[in-house]
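The chain contents come next:
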Amino acid sequence: MSFLQLQGVEKYFGDLRAIQGIDLSIQRGEFIVFVGPSGCGKSTLLRLIAGLEHIDRGTLTLDGRDITDAPSSKRDLAMVFQSYALYPHMSVYENMSFALKLAKEDPKVIREKVERAARILNLTPYLERTPRALSGGQRQRVAIGRAIVRAPKVFLFDEPLSNLDAALRGQTRVEIHQLHRDLGATTIYVTHDQVEAMTLADRIVVLRDGQIEQVGTPLELYDRPANQFVAQFIGTPQMNVVDTAKLPALREVVGAAHAPDGFIGVRPENVLVRAAGSGKLSGRVELVESLGADTLIYAHVGNGNGAGVQIVARQAERTTLHPGDPVGLDIAPASFHLFDRQGHTVPAAAGRA
Ligand code: ATP
């Protein structure tokens, strides 16, 4: 029996069917990440679980209890928002202890719980400060601390890092990861950032238009995407997905001569840049992005009719190539994905003889 179970969950906003029959089982202690493009319904789904929106159809059970219609305060969940939602006039200690005080917890127990959470989150020196006197990252940790002291059954995070700058986002991401390892608490985390999803999740739920596209571990989604949408949503830079009608030669190049009509996908790290004149494909460099550890080379590969496609290669080595230079390209063996015209994954075997 799963710990948190969603069955046929639906949500309407007027005529808009924002959440379209979601079935999902979450195990105790799992770190689940909801990702998807803007407007796909990930925040709404989290808010339905939190009890901040009413579920129009379907059921939600937590630890064997039906909480579909339970008020938010009775669900034993704690939510951390993007905006932190701290009380500005209260100290860090008061912010973190507020919910326990409301619940009439013994003051001695409150102090122990808050001090423990502050230690875990490196907030001990700041307990007497007000949020105004804290950095963005520290404020975010107070918001997390406020959730921790309540020892909820499930932590819900709604884009908690999106107000932080890139460096702090990376650092806080690592802290959240360690925190989950230490506390082992069941966590649902919403983000539109697929790097956060890949690094934090035990399992990722990819959403689009209020529906689940795929659920799996980060590497399952990366290696075996169920469709073109997931293939291109997970991984940066995006998987190259080429319409076989635009570059028919690619079928043979990747070893999928018998592929059905549709699209061929190749991850940038599986595109191998060769000297001009060698390699099974010939192209011309359009752009080089030198990222230090990685180099991205965007090449235009013609189809002989003046048209063609852009293919991006990612390599660990640096390059002396410049825009306009001719290059050869090869595709790493057995590294391709096939998609039909509707974008569904076709087994790679279908392309082989
Ligand atoms: P983002 O990453 O932009 O926050 P999201 O995936 O979290 O997007 P939601 O906020 O869940 O998306 O919204 C899903 C859909 O429901 C959108 O089309 C949105 O416009 C709509 N929606 C959300 N809340 C309401 C509301 N209170 N009233 C009407 N429509 C809403």
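The structure this text deals with has already been given above.
All of the points below concern the structure found in this document. Predicted model, so just to flag it, every value in this text is computed and none were measured.

Attention now goes to the site of the ligand. Around the ligand, the structure places Phe13, Leu16, Ala18, Pro37, Ser38, Gly39, Cys40, Gly41, Lys42, Ser43, Thr44 and Glu159. Taking cysteine 40, its main chain carries an N or O atom lying 3.1 Å from an oxygen atom of the ligand. A distance of 2.8 Å separates an oxygen atom of the ligand from a polar side-chain atom of serine 43. When isolated, the ligand has an accessible area of 630 Å², and the protein chains bury 57% of it. When contributions to the shell around the ligand are tallied by element, the ones reaching two or more residues are strand 2 (16–26) and helix 1 (42–50).

To continue, consider the sheet that holds strand 18 (residues 336–339). Working definition: the strands of a sheet are paired by backbone hydrogen bonds and lie parallel or antiparallel to each other. Reading across the sheet, the 4 strands line up as 11-12-18-19 and stay open at both edges, with antiparallel pairing between neighbours. Only two strands of the sheet have a single partner each, and these edge strands are strand 11 (240–243) and strand 19 (345–346). Bridge count between strand 11 and strand 12 (residues 263–266): 4 bridges; the pairing is antiparallel. Across the sheet, valine 241 pairs through a bridge with glycine 265, a residue of strand 12.

On the secondary structure map, serine 91 appears in the loop between strand 6 (77–80) and helix 2 (92–102). When neighbours within four sequence positions are excluded, serine 91 is seen to be in contact with Leu127, Glu128, Arg129 and Thr130.

Another point: the packing of aromatic side chains. Counted according to the given criterion, the structure contains 5 aromatic pairs. Judged by centre distance (5.6 Å) and plane angle (40°), the ring pair of phenylalanine 157 and tyrosine 189 falls under tilted. Taken together, the residues span a long stretch of sequence, with phenylalanine 157 in strand 7 (residues 154–158) and tyrosine 189 in strand 8 (residues 186–190) at a distance of 32 residues. Of the two residues, phenylalanine 157 and tyrosine 189, neither departs from the other in class, the shared state being buried. Within the aromatic cluster, the residues linked to one another by ring pairs are Phe31, Phe155, Phe157 and Tyr189. Residue placement shows arginine 341 over the ring face of phenylalanine 263; its charged tip is 4.9 Å from the ring centre.

Attention now goes to the pattern of salt bridges. What the rule picks out here adds up to 13 salt bridges. Notably, a salt bridge pairs lysine 153 with aspartate 63, separated by 3.2 Å at the nearest N-O pair. Residue lysine 153 is found in the loop between helix 4 (136–148) and strand 7, and its partner aspartate 63 is found in the loop between strand 4 (57–62) and strand 5 (65–66); the two are separated by 90 residues along the sequence. Look at aspartate 63 and you get partly exposed, because its relative accessible area is 34%. A salt bridge links glutamate 213 to arginine 208, with the nearest nitrogen and oxygen atoms 3.4 Å apart. Salt bridges here are not isolated pairs; linked through shared partners, they connect Arg28, Asp63 and Lys153.

Rules behind the numbers
Residues numbered from 1 in each chain as written. Predicted model: local features only at pLDDT ≥ 70, side-chain atom pairs only at ≥ 80, totals over all residues. Heavy atoms only, no water. Near = heavy atom within 4 Å. Polar contact = N/O pair within 3.5 Å; in protein donor to acceptor, adjacent residues only side chain to side chain. Areas by Shrake-Rupley, 256 points an atom, 1.4 Å probe, with all protein chains shown as cover. Helix = DSSP H or I, 4+ residues; strand = E, 2+ residues; numbered from the N terminus. Pairing = 2+ DSSP bridges. Contact = heavy atoms within 4.5 Å. Phe/Tyr/Trp six-rings, centres within 6.5 Å; stacked < 30°, edge-to-face > 60°. Buried < 20%, exposed > 50% of the residue type's maximum accessible area, 1.4 Å probe, protein only. Lys NZ or Arg CZ within 6 Å of the ring centre and 35° of its normal. Salt bridge = Lys/Arg side-chain N within 4 Å of Asp/Glu carboxyl O.

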